[in-house]
Amino acid sequence: MTTRDTVTIGAFQFLSGESVPSLEIAYESYGEFDGTNAVLICHALTGSSHVARRPDAGDDTAGQARAWWGDVVGPGKAIDTTEYFVVCANVPGSCYGSTGPASTNPETGDPYGTDFPPVTVGDWTRAQRALLDEIGVGRLHAVVGGSVGGMNVLDWLRRYPDDVEYAASIAAAARLDPQCLALDTVARRAITTDPDWNGGHYYGGPEPVDGLARARQIGHIMYLSKASMARKFGRRSAGRETVREKPPDPAAAFFPYREVESYLDYQAEKFTDRFDANSYLYMTRAMDDFDLAAGYESDADAIAAFEGELLVLSFTGDWHFTVEQSEALADACRETDVSVAHHIVESDHGHDAFLVEPEKVGPPLSDLLAVGLEGRSITDTEDEEIDEPEAFAPVHTSLFSE
Ligand SMILES: CC(=O)SCCNC(=O)CCNC(=O)[C@H](O)C(C)(C)COP(=O)(O)OP(=O)(O)OC[C@H]1O[C@@H](n2cnc3c(N)ncnc32)[C@H](O)[C@@H]1OP(=O)(O)O
Ligand SMILES: N[C@@H](CCO)C(=O)O
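Just so it is clear, the structure is predicted and the values come from calculations on it, not from any experiment. (Residues numbered from 1 in each chain as written. Chains lettered and ligands numbered in written order. Predicted model: local features only at pLDDT ≥ 70, side-chain atom pairs only at ≥ 80, totals over all residues. Heavy atoms only, no water.)

When the UniProt feature table is mapped onto this chain numbering, "binding site: substrate" (unreviewed entry) sits at Arg216 and Asp352. The greatest C-alpha distance among the annotated residues, which extend across 137 residues, is 13.9 Å, indicating that they converge on a single site. The subset of these annotated residues that lines the largest pocket comprises Arg216 and Asp352. The residue Arg216 is located in helix α4 (residues 209-223) in this model. In this view, Arg216 contacts Thr46, Tyr223, Phe271, Arg274 and Tyr280; residues no more than four positions away in its chain are not counted. Here Asp352 lies in the loop between β12 (339-345) and α10 (353-356). (UniProt positions renumbered as here; feature names shortened; annotations may be inferred. 1 Å grid on protein atoms, 1.4 Å probe; cavity = no way out; pocket = protein on both sides within 12 Å on 5 of 7 lines; lining within 4 Å. Helix = DSSP H or I, 4+ residues; strand = E, 2+ residues; numbered from the N terminus. Contact = heavy atoms within 4.5 Å.)

Let us now look at the side chain of Glu28. On the secondary structure map, Glu28 appears in strand β4 (residues 24-30). The class of Glu28 is buried, set by a relative accessible area of 2%. A polar atom in the side chain of Glu28 sits 3.1 Å from the side chain of His50. Leave out the neighbours within four places in its chain, and Glu28 touches Thr3, Arg4, Ser49, His50, Ala52, Arg54, Val86, Val87 and Cys88. (Buried < 20%, exposed > 50% of the residue type's maximum accessible area, 1.4 Å probe, protein only. Polar contact = N/O pair within 3.5 Å; in protein donor to acceptor, adjacent residues only side chain to side chain.)

Spelled out as structure tokens, the structure:
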């Protein structure tokens, strides 16, 4: 059975101390709950609750209407919805049905805008826990998520360690590195300096489309790799006939409009049609703020109470969340005797490999859910040598050194 619903979990106090009088959580569930088979899936930065295909959802269409992990979750897929009761909830602060900046503030009758409380990954976890309580799910068979959704998984393990049997943190890390923090900062600045942003109170008027477009383009570059960009675009010219707008100045017309620029323009256009600029600010701030060790002595200390099994999955072409960061996380687990395996996927797709390579992501996930880390397709890096970082950094650090 598939359910698509919104539950009201009542007044909610965020970890910042600020509250909303009523928090709504939009979620989808797939399969039948038998008391022990619930799997929570945590979506990435701009994802929604629509993780698996639904007959009524127009899943043949492109864009956000299409299930974002339809080749991984569903009947007969790696996360098999004929065996598991899968729940995916849109997180607070996002814009796909759960309460966020674009929602109406019941106290004023206007959209919250930037009066919406600051949101953290911890608030997502607490809201997911409240949703699961509401729909009658106690302990989870598993919690699985990619990218900032993988951080959300780690937060489950430190916040509710007794509530989870198996966990998979995919293409994620204990915290974002300074290079990615820097890029997120510039992306947010693009939004907040758009004259149409208007302090975050733009609803009903012109929206900060240009700022959001630039922000997504910066983000999108982080999700690709040098190899995937070389393969997709090279330095090829897209041809002037594909330019959506006239060149910005006469001199620009002399130079090629490249495939890579055309791609980023196209992706930005698609994105601004589907996402809210304030939500982008809130979601990226939550990701940037996450630090597994915050409030603890160390990452190991934060995760020490978890007695289940954790699969850490990383991708060789991902420089947003690197293999080395995943290895550091796995080492922290080993330090404190948390059962862990770090499974590295060879891929030159970049960060978004977890979305576009289901054939590589599926088998270890399927095994984890069925038999745990003993699963035959799960490998572990313990005793393996991990290459030095920077192989996928967009700019070599030596460029800036004296
Ligand atoms: C939990 C979640 O993550 S939900 C959100 C998932 N979705 C997103 O992240 C949205 C952003 N998109 C992406 O990150 C990626 O497109 C993915 C990961 C979803 C899919 O990646 P891929 O299958 O490799 O597709 P790719 O990135 O090449 O994009 C293909 C699109 O770009 C277009 N495109 C490709 N090259 C060019 C070009 N040179 N100029 C213009 N457009 C181009 C294609 O026509 C295609 O258009 P369509 O989407 O309308 O069919
Ligand atoms: N491209 C995905 C992953 C980013 O972490 C998204 O936009 O959600």
